[in-house]
Amino acid sequence: MANIKSQKKRAITNLKRQNAKAGEKSELKTAIKAVKTAVANNDKEAAAAAYNHANKLLDKAIVNGIKKKNYVARQKSRLAKAVNNIA
């Protein structure tokens, strides 16, 4: 641990931010899995709803600096393709 007061405060702030980002990452992964599960079950309505929720979280991830824009674009494209290909 640092000896400087401002650095001690910074370390605490970093831990808080790390925990907040971990929660957001987990929520994002869960949303993506929900879309994949709905697609696997051939449930078009549930897949569409889950896809909309996942899109929202993916866009949020860019703004919050959790994921990079190319990752988000790739995920959105793959999920959209999967949802649109449900028979």
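Residues numbered from 1 in each chain as written. Predicted model: local features only at pLDDT ≥ 70, side-chain atom pairs only at ≥ 80, totals over all residues. Heavy atoms only, no water.

Draft legend 1. Quick peek at the packing of aromatic side chains. Taken as a whole, this structure holds zero aromatic pairs when the rule is applied. Taking the ring centre of tyrosine 71 as reference, the NZ or CZ of lysine 67 above it sits at 4.8 Å. (Phe/Tyr/Trp six-rings, centres within 6.5 Å; stacked < 30°, edge-to-face > 60°. Lys NZ or Arg CZ within 6 Å of the ring centre and 35° of its normal.)

Draft legend 2. Looking closely at the nonpolar core. Counting residues in each nonpolar core, the largest one holds 19 residues, and the members touching the most others are Val35 and Leu79. Counting residues per element, this core draws most heavily on helix α2 (residues 44-63), which supplies seven residues. Setting aside anything within four residues of it in sequence, one finds valine 35 in contact with Ala47, Ala50, Tyr51, Ala54, Leu79 and Val83. (Core = buried A, V, L, I, M, F, W, Y, C linked by side-chain atoms within 4.5 Å. Buried < 20%, exposed > 50% of the residue type's maximum accessible area, 1.4 Å probe, protein only. Helix = DSSP H or I, 4+ residues; strand = E, 2+ residues; numbered from the N terminus. Contact = heavy atoms within 4.5 Å.)

Draft legend 3. Spatial organisation of the packing of helix α1 (residues 5-40) against helix α3 (residues 69-84). Where α1 meets α3, the axes come as close as 10 Å, and the angle between the chain directions of the two elements is 20°. Classified by the angle between their axes, α1 and α3 sit roughly parallel to one another. In the packing of α1 onto α3, the handedness of the crossing is left-handed. Within the contact between the two elements, α1 uses Ile32, Val35, Lys36 and Val39 and α3 uses Tyr71, Gln75, Leu79, Ala82 and Val83. Looking at the contact of α1 with α3, its residues break down into seven nonpolar, one polar and one charged. (Axes fitted to C-alpha atoms, helices over the stretch in contact; angles between N-to-C directions. Parallel < 35°, antiparallel > 145°, perpendicular 65-115°, else oblique. Left-handed = near helix turned anticlockwise from the far one by under 90°. Nonpolar A, V, L, I, M, F, W, Y, C, P; charged D, E, K, R; others polar.)

Draft legend 4. Up close: the environment of valine 39. Tracing the backbone through its elements, the reader meets valine 39 in helix α1. Along the chain, valine 39 and isoleucine 66 lie 27 residues apart, while their C-alpha atoms are 25 Å from each other. Not counting residues up to four positions away in its chain, the partners in contact with valine 39 are Ala47, Ala82, Val83 and Ile86.

Draft legend 5. View of the side chain of glutamine 75. Along the chain, glutamine 75 falls in helix α3. Given the relative accessible area of 11%, glutamine 75 is considered buried. Ignoring anything within four residues of it in the chain, the contact list for glutamine 75 reads Ile32 and Leu58.

Draft legend 6. Region of interest: unusual backbone geometry. Its identity is not glycine, yet asparagine 42 carries a phi of approximately 55°, on the positive side. Note that asparagine 42 resides in the loop between α1 and α2.

Draft legend 7. Highlighting α1. If you check α1, its first and last C-alpha atoms are 53 Å apart, about what 36 residues at 1.5 Å a residue would give, namely 52 Å. Considered for burial, the residues of α1 that qualify are Leu28, Ala31, Ile32, Val35, Ala38 and Val39. Buried positions along α1 lie against α2 and α3. Of the residues one or two after α1, asparagine 42 is the one with positive phi, at around 55°. (Expected span 1.5 Å × (residues − 1).)

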